[in-house]
Amino acid sequence: QGQVGGGIFSVEGTLRLERSTVAGNTGYNGGGLYAGSETTVVGSVLADNTATHTGGGVYGGGNLSFENSTISGNRATYGGGIHSGVTLALTNSTISGNEASTKGGGINNGGTVTLTASTLVRNSAPFGGGILTSASFPPGATATLDRSII
């Protein structure tokens, strides 16, 4: 169990996670992965992680890119699957079965998120079960979906 980044803590340089599993971890922010720097995740699974505050599966403070990956069964107060405050891009990826007790069951977005041919299903939260985009944190947050299912 980590204070931040229960499974992986990355804040400098770049991180590339390929064909890997990050599961069953706990942290305050980023139960599975705390990504404070540029991060690329390919063909990987982040599952059953818990953040006692933000980003059950992933806390993104840097640019995040997911390709052919799955984020499932994660839990947090904000952003059960992913919390992103910068740029988040998902391609051919699935975010499912995540839970936030407050906002953003699948994704809590405070930056720019782009989903391409991706699926967000069976996520839950009182506000934004699939995805919550808040233009007030920070101003100008956006979400773009292309050939995706929510």
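Residues numbered from 1 in each chain as written. Predicted model: local features only at pLDDT ≥ 70, side-chain atom pairs only at ≥ 80, totals over all residues. Heavy atoms only, no water.

1. Things to note about the sheet that holds strand 12 (residues 70–72)
Strand order in the open sheet formed by five strands is 4-8-12-16-20, and the pairing between neighbours is parallel. Where the open sheet ends on each side, the last strands, each with one partner, are strand 4 (21–23) and strand 20 (119–121). Each strand of the sheet is rotated relative to its neighbour by a mean of 5 degrees, with strand direction disregarded. In the sheet, strand 8 (residues 45–47) pairs with strand 12 via three bridges, with the strands oriented parallel. The partner of Val45 across the bridge, within strand 12, is Thr70. (Pairing = 2+ DSSP bridges. Helix = DSSP H or I, 4+ residues; strand = E, 2+ residues; numbered from the N terminus. Axes fitted to C-alpha atoms, helices over the stretch in contact; angles between N-to-C directions.)

2. Details of the packing of aromatic side chains
Tallied over the full model, the rule gives two aromatic pairs. For the pair Phe9 and Tyr34, a centre-to-centre distance of 5.3 Å together with 35 degrees between the ring planes defines the contact as tilted. Of this pair, Phe9 sits in strand 2 (residues 8–10) while Tyr34 sits in strand 6 (residues 33–35), and the two are 25 residues apart along the sequence. Exposure remark for Tyr34: the relative accessible area of 18% places this residue in the buried category. (Phe/Tyr/Trp six-rings, centres within 6.5 Å; stacked < 30°, edge-to-face > 60°. Buried < 20%, exposed > 50% of the residue type's maximum accessible area, 1.4 Å probe, protein only.)

3. Quick word on the nonpolar core
Among the nonpolar cores identified, the biggest contains 19 residues, and Leu46, Phe66, Ile82, Leu88, Leu90 and Ile107 are the most heavily contacted of them. The set of elements that each furnish at least two residues to this core consists of strand 3 (14–18), strand 6, strand 11 (64–67), strand 15 (87–91) and strand 19 (112–116). What Ile107 contacts, discounting residues up to four positions off in sequence, is Ile82, Leu88, Leu90, Ile95, Val113, Leu115, Leu120, Gly130, Ile131 and Leu132. (Core = buried A, V, L, I, M, F, W, Y, C linked by side-chain atoms within 4.5 Å. Contact = heavy atoms within 4.5 Å.)

4. What about the sheet that holds strand 19?
The strand order across the open sheet built from six strands is 3-7-11-15-19-22, with neighbouring strands paired in parallel fashion. Looking at the sheet topology across the chains shown, the edges are occupied by strand 3 and strand 22 (142–146). For this sheet, the mean angle separating the axes of adjacent strands, direction not counted, is 5 degrees.

5. Looking at the side chain of Ser84
Within the secondary structure layout, Ser84 lies in strand 14 (residues 82–84). In this structure Ser84 comes out as buried when scored by relative accessible area, which is 0%. Sequence-distant contacts of Ser84, defined by excluding residues within four places in its chain, comprise Gly60, Leu64, Asn108, Asn109, Gly110 and Gly111.

6. Structural notes on the pairing of strand 11
Burial along strand 11 is one-sided: Leu64 and Phe66 are buried, while Ser65 and Glu67, pointing the other way, are not. Note: strand 11 against strand 15, four bridges, orientation parallel. Bridging across to strand 15, Phe66 finds its partner in Leu90.

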